[in-house]
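# Structural overview for review
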Amino acid sequence: MPVMLITGANRGIGLAVARVALARGWTVLGSMRREEDADRLAAELGPLFRPQLFDVADRDALAASAASSPQAIDVLLNNAGIIGPDGQDQSSLHMDFDGFLRTLEINTLAPLAVAQAFLPRLRKAAQPRILTISSQMSWMGYAKSDRVAYRASKAAVNKVMQCLATDLEPENIAVGLIDPGWVRTDMGGGEADLTAEEVASGIVGLIENFDITRTGRFFRWTGEAREF
């Protein structure tokens, strides 16, 4: 059965995707930063769930984790992300610039760093895929100006992954982006439209049907193509 690496698998969408994939017989490598989360989820989710302890912003830790096993990885799901500084501190007129940099580091740079670190193991798979959780807030046709750091980081990761898709297409490695919608998680809040469970089911279905003919594109969690 396929092997999926999910970053930020200890809660929210990442954990929900892990549960769906495990229920379908996948092996899930789930990243998290804290050993107590690793121990808890290993006990809760069973032997097909294998915790990976690393911070996505720690390039040395990424390299060490990637080199810790020769096992092929069929799917990388870049899920780990942060909302950025407090809302009043990430407008175009009042910006926490250190917080903005941290948001870019986690939401934009880290997905590329994770992809590069684990690329040797993805290359061992028969149909390797890299998917990254983006956001509807990245859409350039939507001029709302709250959460500037978050919006900018997601718009930037869309372009980064589009470029990665171009560079990996000759190797038959498909790269895509997912808009999960507004989801009831710690980040999305309790008033969001969607549950993590329904979105996770859609994401796993999208992943199962994703191939090189769809590389470089942006999809809703339901599987429909959407504009950048």
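Reading the values: rules and limits
Residues numbered from 1 in each chain as written. Predicted model: local features only at pLDDT ≥ 70, side-chain atom pairs only at ≥ 80, totals over all residues. Heavy atoms only, no water. UniProt positions renumbered as here; feature names shortened; annotations may be inferred. Helix = DSSP H or I, 4+ residues; strand = E, 2+ residues; numbered from the N terminus. Rg over C-alpha atoms; globule rule 2.2 N^0.38 Å. Buried < 20%, exposed > 50% of the residue type's maximum accessible area, 1.4 Å probe, protein only. Contact = heavy atoms within 4.5 Å. Areas by Shrake-Rupley, 256 points an atom, 1.4 Å probe, with all protein chains shown as cover. Lys, Arg positive; Asp, Glu negative; His and termini not counted. Charge placed at Lys NZ, Arg CZ, Asp CG, Glu CD.

For the protein chain, the name recorded in an unreviewed UniProt entry is Short-chain dehydrogenase, with Pannonibacter phragmitetus as its organism. Per its UniProt entry, the protein chain bears the Sequence similarities (unreviewed entry) comment "Belongs to the short-chain dehydrogenases/reductases (SDR) family."

## A closer look at the overall build of the protein chain
The number of helices and strands found in the protein chain is six helices and ten strands. In summary, the protein chain has a C-alpha radius of gyration of 17 Å against a globular reference of 17 Å for 228 residues, a match within 12%. The principal-axis extent of the C-alpha atoms belonging to the protein chain is close to 50 × 40 × 35 Å. Across the 228 residues of the protein chain, 50% fall into the buried class. A separation of at least 24 residues holds for 66% of the contacts in the protein chain among residues at least 6 apart in sequence. Roughly 10500 Å² of accessible area belongs to the protein chain as shown, and the carbon and sulfur atoms make up 52% of that amount. For the protein chain, the distance from the average site of its 23 positive side-chain charges to the average site of its 28 negative ones is 4 Å.

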